[in-house]
Amino acid sequence: VEIEEVHPEERAREEEKKANDRGGNGGDDGFRARTTGTRESAEDEEKEIIALATTLKSNGNEKFATSAFGEALKLYDDGVEVLSREGENDDIDDSDKSDEDDGDVDEATTRTTTKTKGTEKEEEDEAKKNKPSDDTEKRDPTKREVLLATLHANAGACLMKLESFEECVRRCSKAIALHPRYGKAYARRAQAYEKLDDVERALEDYEKAVAIEEKENGESEDARRRMRKSAHREKVNALKPKVEEKREETKKEMFKQLRSLGDMVLGNFGLSCDNFKAEKDENTGGFSLKFVQEKAGETKTRVINENDNNNNTSAAAAASAK
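Remember, predicted model here, so these are calculated numbers, not experimental data. (Residues numbered from 1 in each chain as written. Predicted model: local features only at pLDDT ≥ 70, side-chain atom pairs only at ≥ 80, totals over all residues. Heavy atoms only, no water.)

## Regarding the overall build of the protein
Logical step 1: If you tally the helices and strands in the protein, you get twelve helices and three strands.
Logical step 2: Buried residues in the protein amount to 35% of all 322 residues.
Logical step 3: Across the protein, the fraction of contacts at a sequence separation of at least 24, relative to all contacts at a separation of at least 6, is 63%.
Logical step 4: As displayed, the protein has an accessible area near 20,500 Å², and 47% of this comes from carbon and sulfur atoms. (Helix = DSSP H or I, 4+ residues; strand = E, 2+ residues; numbered from the N terminus. Buried < 20%, exposed > 50% of the residue type's maximum accessible area, 1.4 Å probe, protein only. Contact = heavy atoms within 4.5 Å. Areas by Shrake-Rupley, 256 points an atom, 1.4 Å probe, with all protein chains shown as cover.)

Here it is as C-alpha cells:
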C-alpha cells in the first residue's frame, strides 16, 4: 500500500480552511465572538442615533421657550428625520423606557385665538391611518418610539402657535399612534380640534387625557382632589354643554331638511307636512299620526295610525319637524 505524503504547509492550509468553514479560527467561539461584536456595534450605533435626536429635541425646546416657533419646528423635524431615516432596529433591546413627558414643551405661556375650518374628510382619513393598533396599545412603547412621539407632539405645539391647526392634528395623531397613552398629545390635539370648531372630537380627546391622568395619578384622595382641579377636567366640563348644543342644532337642521323634502314630495298632491300631526299617548308612549285637512271653513281629521310602536320613530320625526 502506497501512502501519499502530505507536505506540512499544505496540511496547515487545509486546517486553516476547515477552521474558517466552522466560523473562524476559533470555531463556534469565533462565530459567537463576531456575532456579539456585531450586536454591540449595533447597540452603540442606536445610542448615537438616540443621543443625536435627543439633542435636537433639547435645542428645539430652547427655541420654543424664546417663541422662535419656526426654528423650533425645524429642529423637531430634524430629530424625526434622524429617527425615521435610520428606522427601527429589531436586533436592539430597547427595554429602557422613558417618561413620555421628558422633553415635552410647555406652551401654556402663549395662546392663539384665530379659528379656521379643516377638511373633515382629510381629518377622518388621517385619524384612521394614525389609529393605534391593538398590539401597540397592549405593550409599552420603546425608548425610540417615546422619543419620536415626543418630537411629533412638540412639533404639534409649534404648529398650534403658528395657527396650522390641521397640521397640528396630524402630528399629534402620529404621536398617539406611537404612544397611545401619551396624555399631552391627546390634550394638544383637542386644542387644535377646538380651533377647528370640532368640539365633539375635542371633548373625546380631553376625556381621553383625563382618563390617562387618573390612571397615572392613582386612586388616592389627594390624587382625586388634584384631578377635580385638572385643566383637562375643566375643559371637559366646559365643552359638554357646547357639544350638546351643537348636537341639538344638527338635529334641528336634519329635521328641517327632512321637512323640506317632505313638502316637496307632498306638494305634488296639494299637501304639505302641515297636514300631518303626531300626538303622543302618555299612557302607552306610542304616537298617533293624524291627517288634517281644512276645507270650506271646516277641519277634517282622520287617524292614520294609532299607537303603532313600529312607526314611533317616523311619527316622532314628523312631530319634531312641525
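## A short note on the packing of helix α7 (residues 165–178) against helix α8 (residues 183–195)
Logical step 1: In the contact formed by α7 and α8, the axes pass within 9 Å of each other and the chain directions differ by 160°. As far as their axial angle goes, α8 and α7 are roughly antiparallel. Crossing of α7 against α8: the hand is left-handed. Across from F165, C168, V169, C172, S173, A175 and I176 in α7, the residues of α8 making contact are A185, Y186, R188, R189, A192, Y193 and K195.
Logical step 2: Tallied by class, residues from the contact of α7 with α8 come to ten nonpolar, one polar and three charged. (Axes fitted to C-alpha atoms, helices over the stretch in contact; angles between N-to-C directions. Parallel < 35°, antiparallel > 145°, perpendicular 65-115°, else oblique. Left-handed = near helix turned anticlockwise from the far one by under 90°. Nonpolar A, V, L, I, M, F, W, Y, C, P; charged D, E, K, R; others polar.)

## Let's talk about the pattern of salt bridges
Logical step 1: Scanning the entire structure with this criterion turns up 14 salt bridges.
Logical step 2: Between R247 and E200 there is a salt bridge; the shortest N-O distance is 3.4 Å. Taken together, the positions of R247 in helix α11 (residues 231–266) and E200 in helix α9 (residues 199–217) put the pair 47 residues apart, joining distant regions of the chain.
Logical step 3: Salt bridges linked by common partners bring E200, E244 and R247 together as one network. (Salt bridge = Lys/Arg side-chain N within 4 Å of Asp/Glu carboxyl O.)

## Thoughts on the environment of K57
Logical step 1: Among the secondary structure elements, K57 is positioned in helix α2 (residues 28–65).
Logical step 2: In this structure, the C-alpha to C-alpha distance between K57 and D77, residues 20 residues apart in sequence, is 9.1 Å.

## Some details on α8
Logical step 1: The end-to-end C-alpha separation of α8 is 19 Å, in line with the 18 Å expected for 13 residues at 1.5 Å each.
Logical step 2: Burial analysis of α8 places twelve of its 13 residues in the buried class, the great majority of the element.
Logical step 3: Every buried residue of α8 is accounted for by G183, A185, Y186, A187, R188, R189, A190, Q191, A192, Y193, E194 and K195.
Logical step 4: Of the residues trailing α8, D197 is marked for its positive phi of about 65°. (Expected span 1.5 Å × (residues − 1).)

## Digging into the state of the cysteines
Logical step 1: For the structure on display, the rule yields zero disulfides.
Logical step 2: Looking at the unpaired C172, the closest cysteine sulfur is the one in C168, lying at 4.0 Å.
Logical step 3: Residue C172 is classed as buried on the basis of its relative accessible area, which comes to 0%. (Disulfide = S-S within 2.5 Å.)

## A few points about a negative patch on the surface
Logical step 1: On the surface, a cluster of negative charge is made up of E40, D44, E45 and E48.
Logical step 2: The residue D44 is located in helix α2 in this model.
Logical step 3: On the basis of relative accessible area, D44 is assigned to the partly exposed category, the value being 43%. (Patch = residues over 30% accessible without salt bridge, like charges linked within 9 Å, V, L, I, M, F, W, Y side chains within 5 Å. Lys, Arg positive; Asp, Glu negative; His and termini not counted. Charge placed at Lys NZ, Arg CZ, Asp CG, Glu CD.)

## Quick notes on unusual backbone geometry
Logical step 1: One non-glycine residue, E163, lies in positive phi territory at about 60°.
Logical step 2: Looking at the secondary structure, you find E163 in the loop between α6 (143–161) and α7.
Logical step 3: For E163, a relative accessible area of 35% corresponds to the partly exposed category.
Logical step 4: A positive phi angle, near 65°, is found at D197, a position not held by glycine.
Logical step 5: Summarising the element assignment, D197 is placed in the loop between α8 and α9.

## A few points about the nonpolar core
Logical step 1: One finds F64, Y76 and L83 to be the most contacted residues of the largest nonpolar core, which totals 49 residues.
Logical step 2: Of all the secondary-structure elements, those providing two or more residues to this core are α2, α3 (69–86), α6, α7, α8, α9 and α11.
Logical step 3: Broken down by element, the residue count for this core peaks at ten residues, all from α6.
Logical step 4: The residues touching Y76, leaving out its near neighbours within four places in the chain, are K57, G60, N61, F64, V105, L151, N154, A155 and C158. (Core = buried A, V, L, I, M, F, W, Y, C linked by side-chain atoms within 4.5 Å.)

## Some remarks on the packing of α6 against α8
Logical step 1: Following both chains from N to C, one finds α6 and α8 inclined at 25°, their axes separated by 10 Å at the closest point. It follows that α6 is roughly parallel to α8 by the angle criterion. As for how α6 packs across α8, the hand of that crossing is left-handed. Where α6 approaches α8, its residues A153, N154, G156, A157 and M160 are matched on the opposing element by A185, R188, Q191, A192 and K195.
Logical step 2: Taken together, the residues that form the contact of α6 with α8 break down as five nonpolar, three polar and two charged.

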